[in-house]
Amino acid sequence: MPVKVAEEWLNSCSGCEIAILNLGETLLEVLPHLEFVHIPVLMDHKYFGQTGEGDIHHIDIPKATVGIITGGIRNQEHLEIAEAMRQACDVIIALGTCATHGGIPALINQWRNEELFDRYYRGSETTDAQATPSDPVLPACLDRSYALDEKIKVDIYLPGCPPHPDWIGETILALLEGRAPQLPMKSVCDTCPTIKTGKGNLRHLNRFLRNAHYDPSKPVSEMHCLLEQGLPCMGPVTRGGCAGKNGEAPRCILARVPCQGCFGPVQQQGNQLLDYLNALASNQVDIRSIPEKSTLLEFSGAHGLLRPKAARGR
Amino acid sequence: MAQTTIEVGAEQTMTHGAPHRRVINIQPITRIEGHARIAITLDEQGNVADTRFNIMSLRGFEKFIEGKPAEEVPKIVNRICGICPWMHHTASNKAVDGCFNAQVPPTGWKLRELMQVMAQINDKILHFFFLAAPDFVLGAGADYKVRNVLGIVQAAPELATQVVKMRQMGQMMIEKFAGKVIHPIVVVPGGFAKPMREDERQEMLAKSREQLEFARFCIDFAKKNIFANLDEATLKLGEIRTGFLGTVKPEDGSLTLFDGVLRLMKPDGSYQDFTYQQYVDFLGEHIEDWSYCKFPYARTWNEGFSMDLKQPKGIYRVNTLARLNVCDRINTPYAQAELEEFRARFGRPAQSTMLYHWARLIELVYACERVIELLEDETITDPHVRNEVTPQAGRGIGCVEAPRGTLIHDYSTDDNGCISRANLIVGTTHNVAPMNMSIRAAADAVIHKGVITEEALNKVEMAVRCYDP
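Predicted model, so just to flag it, every value in this text is computed and none were measured.

Cut-offs used in this document
- Residues numbered from 1 in each chain as written.
- Chains lettered and ligands numbered in written order.
- Predicted model: local features only at pLDDT ≥ 70, side-chain atom pairs only at ≥ 80, totals over all residues.
- Helix = DSSP H or I, 4+ residues; strand = E, 2+ residues; numbered from the N terminus.
- Rg over C-alpha atoms; globule rule 2.2 N^0.38 Å.
- Buried ≥ 20, exposed ≤ 12 C-beta atoms within 10 Å, placed from the backbone.
- Contact = placed C-beta atoms within 7 Å.
- Expected span 1.5 Å × (residues − 1).
- Core = buried A, V, L, I, M, F, W, Y, C linked by C-beta atoms within 7 Å.
- Domains from an automatic or database assignment.
- Pairing = 2+ DSSP bridges.
- Nonpolar A, V, L, I, M, F, W, Y, C, P; charged D, E, K, R; others polar.
- Axes fitted to C-alpha atoms, helices over the stretch in contact; angles between N-to-C directions.
- Arc of directions from axis to C-beta.
- Parallel < 35°, antiparallel > 145°, perpendicular 65-115°, else oblique.
- Left-handed = near helix turned anticlockwise from the far one by under 90°.
- pLDDT = per-residue confidence, 0-100.

J.: Looking at this model, I keep getting lost on the overall build of chain B. Mind explaining?
T.: When helices and strands are counted, chain B shows 14 helices and 14 strands. Taking 469 residues into account, the globule formula puts the C-alpha radius of gyration at 23 Å, and chain B, at 22 Å, falls close to it. Each of the three principal axes of chain B carries a C-alpha extent, and together these read 70 × 55 × 40 Å. Looking at chain B as a whole, 62% of its 469 residues are labelled buried. A separation threshold of at least 6 residues defines the contact pool for chain B, and within that pool the share at least 24 residues apart is 70%.

Below, the structure written as structure tokens:
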């Protein structure tokens, strides 16, 4: 019997759905064991009946064993869909950093909704200024952007922006086999092959305005650690695994670019900003050399970590 | 500035909870990216009184990149779209270059175009086969449980395997070289973060030639098995008459996806070219109370904004059909031959909405040919790929042609090189008004006397899917 799967996207970009498709031929192998009952990106199952005249107060999602949700919760519709998914599914997987920690869209938590609307509908050169759209059909924005587990119970956390297809495959296989998935729990630094001297000569960080020093004809394992080169690498405070099971190096490092932090904190409950400032300060690095500190929470600003400016002073 | 008129329809649309009008909700719209719904309101006779295409969410990138160090922003805004992150990544870097007055070395520029065009290849394969083709291969009226890519895997396993393999090869080519294929980081202000080695160039060139073979197979397959079988009603589905916007090379008006001048064409085929910096003089954004998304229109035409089907005002379209309409030619041989055949048959500008699919496959051929051209140039392995940049106050406007249309990133920075203001117009947004109109046209054609079938509603969605929103 194939396992029934439902999939939904909330406050997200569809990158996680593309990551699922990037399973490629592995996807073709597991497909016969899965029965998708609801997945808007690929399949035309509707919330209110296939001819569109069902009860609009009841989102219909068929019963499924596994529910995959990408994206955080930003408005009333996201909330209703998340609740309907929780009711319909035995196991909920929070797929991607938006679902697990808010992700990039939770950067909006630094502003109040009115500030966003003023900027968007009344604050651009090209826009014919108008009142904020308020037709009742539009789902009202919540006060901020939430990670999934702030609103519904989550069973499996699979962070990443996007998660590596290897871990999506591992999670699906584990569920098919009735075991817990084996997911990476170390930091990016712990999985990074670059050369670290650990001499602690670093006193301040530089912005990434020129390329790192390295010999492009040599592998990443012969490049000096980007953080020790003074570049703002988030590796020490970021969950590893972005390279997949057999990758040569973390994916940003492979591009010779400092880690952006996209898998969120190493521990599910961690705080990338505090952990990073602590790590720098305990190594005598001047934390004033970071130009803008909220950027350190650009993937993990839900759970109340990023707040509107006025509230932050309190 | 033009006086904007609003003539969306005489009647107030009834939405959720309207007791005395039948409202059909197509929700969510599926096999597209993101959250939208269609509401079709019927009159007393059961014919279409009004339709609306509601965009249901707003994330607010223009607001939340304020204050961020500009060099970080190209790695943030790629999250606008997980299907086309390379488009935002490259346009954003061009805008930051402008703010910082950066001089990009020629090879940095070539590598940027290479990545941006390679990403288009995978995107077009994804849209045509995974999202659009089920309606044609399995039929618009097939059971929804079958009418999807999984149904294609069942019905045509060899074709499906080939499609999955070729798309996967394309994705992994990018990932292997650039680190990340979804939400890239390798393009940087001032250029590119790493040079290409000769062995990498050779390997990518060989695979790109395979991609071109496949692209030519795809368009032949589609012409023979899909486009040849389209009946008149399907060809006319969602047809509207609009202007078009796209990017062309300034020297010869040829198609480009990466860099050039913008060309805005009127429905009669006359056009004006303008630079990225002039976009605010040519384009405006209108707001309706029932959509979070704004409605760009041609401000420069001085006729206001109206989505009236008989007399639209200010409406232009973007994306594949628009680009093929505005360009004078395509400078790669196979794509140019396809364009000539297309143009001989449908004229210029072609208005049939269904032709977006055909145009998409012609662009697929162009993208493969262009990638080969870029990789055949041995100077692409030059190690000088980035110049150092200096954070400073400035303004930069960066554009590319995304699969879904002209993409505009306009940033200003403060003295620390942090974003003080941003204005974005993204590909699909330009097509929001046209999609509203195509939905109305399609609904009028398939809904009569209160008879609602799943097939009819799917046909309304097919009109939307042409735009690949």
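Next comes the rest of the write-up.
J.: What should I look at first to understand the overall build of chain A in this one?
T.: Across its full length, chain A carries 9 helices and 7 strands. Relative to the globule expectation of 20 Å for 314 residues, the C-alpha radius of gyration of chain A, 21 Å, shows essentially globular dimensions. Once the C-alpha set of chain A is aligned to its principal axes, its extents read approximately 65 × 50 × 35 Å. Considering chain A as a whole, with its 314 residues, one finds that 53% of them fall into the buried category. When contacts within chain A are restricted to residue pairs at least 6 apart in sequence, those whose partners lie at least 24 apart make up 80%.

J.: I'm lost on helix 5 (residues 157–178) of chain B in this one. Help?
T.: Since the α-helix advances by 3.6 residues per turn, residues separated by three or four positions end up pointing in the same direction. For helix 5 of chain B, which comprises 22 residues, the first-to-last C-alpha distance of 31 Å matches the rise-based estimate of 32 Å (1.5 Å per residue) to within 8%. Residues Ala160, Val163, Val164, Met166, Arg167, Gln168, Gly170, Gln171, Met173, Ile174, Phe177 and Ala178 of chain B constitute the buried set of helix 5 of chain B. Looking at the buried positions of helix 5 of chain B, the neighbouring elements they touch are helix 2 (25–30) of chain A together with helix 3 (106–137), helix 4 (149–155) and helix 6 (198–225) of chain B. Of the residues one or two after helix 5 of chain B, Gly179 of chain B is the one with positive phi, at around 85 degrees.

J.: I would appreciate a short explanation of the nonpolar core in the present structure.
T.: By size, the foremost hydrophobic cluster in this structure holds 250 residues, and its most contacted members are Ile69, Met85 and Ala94 of chain A together with Ile362 of chain B. Split by domain, this core shows at least three residues from each of two domains, domain 1 (3–106 + 136–177) and domain 2 (185–300) of chain A.

J.: What am I meant to see in the pairing of strand 8 (residues 271–274) of chain B here?
T.: Residues and elements named next belong to chain B. In this sheet, strand 8 lies alongside strand 7 (residues 261–265) in antiparallel orientation, the contact comprising 4 bridges. Bridging across to strand 8, Met265 finds its partner in Tyr271. Linking strand 7 to strand 8, which pair antiparallel, is a turn of 5 residues; within it Gly269 sits at a positive phi near 95 degrees.

J.: When you look at the domain arrangement of chain A in this model, what are you seeing that I'm missing?
T.: Much of the literature gives interface size as the accessible area that the parts lose upon coming together. All names here are of chain A. Here the domain parsing of chain A yields domain 1 (3–106 + 136–177) and domain 2 (185–300). The interface of domain 1 with domain 2 comprises 13 residues on the first partner and 12 residues on the second. Counting only elements with at least two residues in the side of domain 1 that touches domain 2, the list comes to helix 4 (97–101) and helix 6 (165–177). Of all the elements, helix 4 adds the most residues to the side of domain 1 that touches domain 2, at 3 residues. A class-by-class count of the residues in the side of domain 1 that touches domain 2 yields 5 nonpolar, 7 polar and 1 charged.

J.: What is the right way to read the interface of chain B and chain A from this model?
T.: Taken together, the contact pairs 83 residues of chain B with 75 residues of chain A. Of all elements in the fold, only strand 1 (23–26), helix 1 (61–64), helix 4, helix 5, strand 9 (283–286), strand 14 (419–425) and helix 14 (454–465) of chain B reach the threshold of two or more residues within the side of chain B that touches chain A. Each residue belonging to the side of chain B that touches chain A can be placed in one class, and the counts come to 37 nonpolar, 24 polar and 22 charged.

J.: Is there a simple way to explain the sheet that holds strand 13 (residues 405–413) of chain B in this structure?
T.: Either a parallel or an antiparallel arrangement is found when strands of a sheet pair, and the pairing is made through backbone hydrogen bonds. Residue and element names in this part refer to chain B. Here we have 3 strands laid out as an open sheet, ordered 12-13-14, and antiparallel in their pairing. Two strands bound the open sheet, and with one partner strand each, they are strand 12 (394–402) and strand 14. When strand polarity is set aside, the average angle formed by the axes of neighbouring strands in this sheet is 15 degrees. Lying on the sheet, helix 2 (residues 85–100) is in contact with strand 12 and strand 13; it crosses strand 12 at an angle near 155 degrees.

J.: Just to check I follow, could you spell out the pairing of strand 7 of chain B for this structure?
T.: Walk down a regular strand and you will see the side chains alternate between the two sheet faces. Residue and element names in this part refer to chain B. Burial analysis of strand 7 places 4 of its 5 residues in the buried class, which makes it a mostly covered element. As defined by bridge partners, strand 6 (residues 243–248) adjoins strand 7 across 5 bridges and the pair is classed as antiparallel. Within strand 7, the residue paired with Leu245 across the bridge is Leu264.

J.: Honestly, the sheet that holds strand 1 (residues 3–9) of chain A in this entry has me stumped. Any pointers?
T.: Residues and elements named next belong to chain A. Strand order across the open sheet formed by 5 strands is 2-1-3-5-7, with parallel pairing between neighbours. Only two strands of the sheet have a single partner each, and these edge strands are strand 2 (34–38) and strand 7 (156–158). The mean inter-strand angle of the sheet, taken between neighbouring strand axes irrespective of direction, is 30 degrees. Looking at chain direction, strand 1 and strand 3 (residues 64–70) are connected through 5 bridges and run parallel. In the strand pairing of strand 3, Val5 is matched with Val66. Across the sheet, helix 6 lies against strand 1, strand 3, strand 5 (89–95) and strand 7, angled at about 160 degrees from strand 7, the strand it touches most.

J.: How should the environment of Thr90 of chain B be read in this particular structure?
T.: Residues and elements named next belong to chain B. Structurally, the position occupied by Thr90 is in helix 2. Thr90 gets classed as buried once you count the C-beta atoms within 10 Å, which come to 28. Distance from Thr90 to Lys266, taken between C-alpha atoms, is 28 Å for residues 176 residues apart in sequence. Excluding residues that lie within four positions of it along the chain, Thr90 makes contacts with Arg112, Gln116, Val187 and Val400.

J.: When you look at helix 8 (residues 272–281) of chain A in this model, what are you seeing that I'm missing?
T.: If you check which residues of helix 8 of chain A are buried, you get Gln272, Leu273, Tyr276 and Leu280 of chain A. Seen from one end, helix 8 of chain A has its buried residues packed into an arc of 95 degrees, which puts them on one side.

J.: What is the right way to look at the packing of helix 2 of chain B against helix 3 of chain B in this model?
T.: Axes are the key here: two packed helices are described by the angle between their axes and the distance separating the axes. Residues and elements named next belong to chain B. Relative orientation of the contacting elements helix 2 and helix 3 amounts to 155 degrees, with a least axis distance of 9 Å. Comparing the axis directions of helix 2 and helix 3 gives the class roughly antiparallel. In this structure, helix 2 meets helix 3 at a crossing whose hand is left-handed. Facing helix 2, whose interface residues are Trp86, Met87 and Thr90, helix 3 presents Arg112, Met115, Gln116 and Ala119. Split by residue class, the contact of helix 2 with helix 3 holds 4 nonpolar, 2 polar and 1 charged.

J.: I would appreciate a short explanation of unusual backbone geometry in the present structure.
T.: Leaving glycine out, the prevailing phi sign among residues is negative, and the prevailing peptide bond configuration is trans. Look at the link from Cys161 of chain A to Pro162 of chain A: it is a cis peptide, with omega at -5 degrees. In this model, Gln27 of chain B is joined to Pro28 of chain B through a cis peptide bond whose omega is -5 degrees. Tracing the sequence through the fold places Pro28 of chain B in the loop between strand 1 and strand 2 (36–42). Phi at Arg31 of chain B takes a positive value of approximately 55 degrees, unusual for a residue other than glycine. In this fold, Arg31 of chain B is placed in the loop between strand 1 and strand 2.

J.: How should the confidence of the model for chain B be read in this particular structure?
T.: Low pLDDT marks regions whose predicted coordinates should not be analysed in detail. Residue and element names in this part refer to chain B. Looking at chain B, the pLDDT average stands at 95 and 96% of residues meet or exceed 70. Throughout residues 1–18 the model reports pLDDT below 50, and contacts reaching past four residues in sequence, or to other chains, amount to 38 contacts. Two summary scores accompany this predicted model of the complex, namely pTM at 0.96 and ipTM at 0.97.

J.: For this particular structure, what's the right way to read the environment of Leu424 of chain B?
T.: Residue and element names in this part refer to chain B. For Leu424, the position within the fold is in strand 14. Sequence-wise, Leu424 and Cys399 are 25 residues apart; in three dimensions their C-alpha atoms are separated by 9.9 Å. With residues near it in sequence (within four places) discarded, Leu424 still touches Phe61, Glu62, Ile408 and His409.

J.: When you look at the environment of Thr238 of chain A in this model, what are you seeing that I'm missing?
T.: Residues and elements named next belong to chain A. Structurally, Thr238 is set in the loop between helix 6 and helix 7 (251–254). Taking the C-alpha atoms as reference points, Thr238 and Gln267, separated by 29 residues in sequence, lie 8.6 Å from one another. The contacts of Thr238, once residues within four sequence positions are left out, are Ser187, Val188, Cys259, Gly261, Phe263, Val266 and Gln272.

J.: How should I be thinking about the packing of helix 3 of chain B against helix 5 of chain B in this particular structure?
T.: Residue and element names in this part refer to chain B. At a minimum axis distance of 10 Å, the contact between helix 3 and helix 5 shows a crossing angle of 155 degrees. Considered as vectors, helix 3 and helix 5 are oriented roughly antiparallel to each other. Here helix 3 runs over helix 5; the crossing is left-handed. Touching Met115, Met118, Ala119, Ile121, Asn122, Ile125, Leu126 and Phe129 of helix 3 are Val163, Met166, Arg167, Gly170, Gln171, Met173, Ile174 and Ala178, all from helix 5. Tallied by class, the residues present in the contact of helix 3 with helix 5 amount to 12 nonpolar, 3 polar and 1 charged.

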